Amino acid sequence: MYGDPETVRRILTEPGDTWAVVGLSSNRRRAAYGVAEVLQRFGKRIVPVHPKAETVHGEKGYASLADIPFAVDVVDVFVRSDLAGEVADEAAAIGAKAVWFQLGVVDEAAYERTRAAGLAMVMDKCPAIEIPRLGLADRFS
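Predicted model, so just to flag it, every value in this text is computed and none were measured.

Things to note about the sheet that holds strand S2 (residues 45–49)
With respect to topology, five strands assemble into an open sheet ordered S2-S1-S3-S4-S5, the strand pairing being parallel. Each edge of the open sheet carries a strand with a single partner, namely S2 and strand S5 (120–122). Neighbour-to-neighbour, the strand axes of this sheet turn through a mean angle of 20°, independent of strand direction. Alignment of strand S3 (residues 74–77) against strand S4 (residues 98–101), held across four bridges, turns out to be parallel. Considered in S4, the bridge of Asp-76 is made with Trp-100.

Shown next, in the form of structure tokens:
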């Protein structure tokens, strides 16, 4: 409903290889940790974004999207729904090409704003599920 299969495929294969993962910390029990690992295996550069700015999976972390000193292609959002809209707005402000709200993260107003701003948008889905579902798992390096 919030990201047709073609948009999902396009975000996973076309917009670029740098994914800022908002909410990613070194806590191995959090979903963001495992999903970021899958994205790395899929050939994506992950950028941890968390107030602690921890290094995760060998990648330097940043406290906010605005602190990242290089271009970000996709912003993958692992925060509560009530905080996600602000992250989507920040993604547009930094020039990201796409925003991905994880499973359970839903903000319909943010979805509409993000799409109106010209960004590709997926909501309430997980790339670790979508990669094999779309037959993209053979792209793993």
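Next comes the rest of the write-up.
Things to note about the pattern of salt bridges
Tallying each qualifying case throughout the model produces six salt bridges. Across the pair Lys-44 and Asp-17 runs a salt bridge, and its minimum N-O distance is 3.3 Å. In this pair, Lys-44 is assigned in the loop between helix H2 (31–41) and S2 and Asp-17 in the loop between helix H1 (5–13) and strand S1 (18–22), connecting sequence segments 27 residues apart. We classify Lys-44 as buried; its relative accessible area is 6%.

Some details on helix H3 (residues 81–93)
Each full turn of the α-helix corresponds to 3.6 residues, which orients residues three or four apart in the same direction. Taking 1.5 Å per residue, 13 residues should reach 18 Å; H3 reaches 19 Å between its end C-alpha atoms and fits that length. Within H3 the residues assigned to the buried category are Ala-84, Gly-85, Val-87, Ala-88 and Ala-91. Angularly, the buried residues of H3 cover 165° about the axis, an arc narrow enough to put them on a single face. Exposed side chains of H3 directed beyond 90 degrees from the buried face belong to Asp-82, Glu-86 and Ala-93. At its buried positions, H3 is contacted by S1, S3, S4 and helix H4 (108–116).

Procedures and definitions
- Residues numbered from 1 in each chain as written.
- Predicted model: local features only at pLDDT ≥ 70, side-chain atom pairs only at ≥ 80, totals over all residues.
- Heavy atoms only, no water.
- Pairing = 2+ DSSP bridges.
- Helix = DSSP H or I, 4+ residues; strand = E, 2+ residues; numbered from the N terminus.
- Axes fitted to C-alpha atoms, helices over the stretch in contact; angles between N-to-C directions.
- Salt bridge = Lys/Arg side-chain N within 4 Å of Asp/Glu carboxyl O.
- Buried < 20%, exposed > 50% of the residue type's maximum accessible area, 1.4 Å probe, protein only.
- Expected span 1.5 Å × (residues − 1).
- Arc of directions from axis to C-beta.
- Contact = heavy atoms within 4.5 Å.

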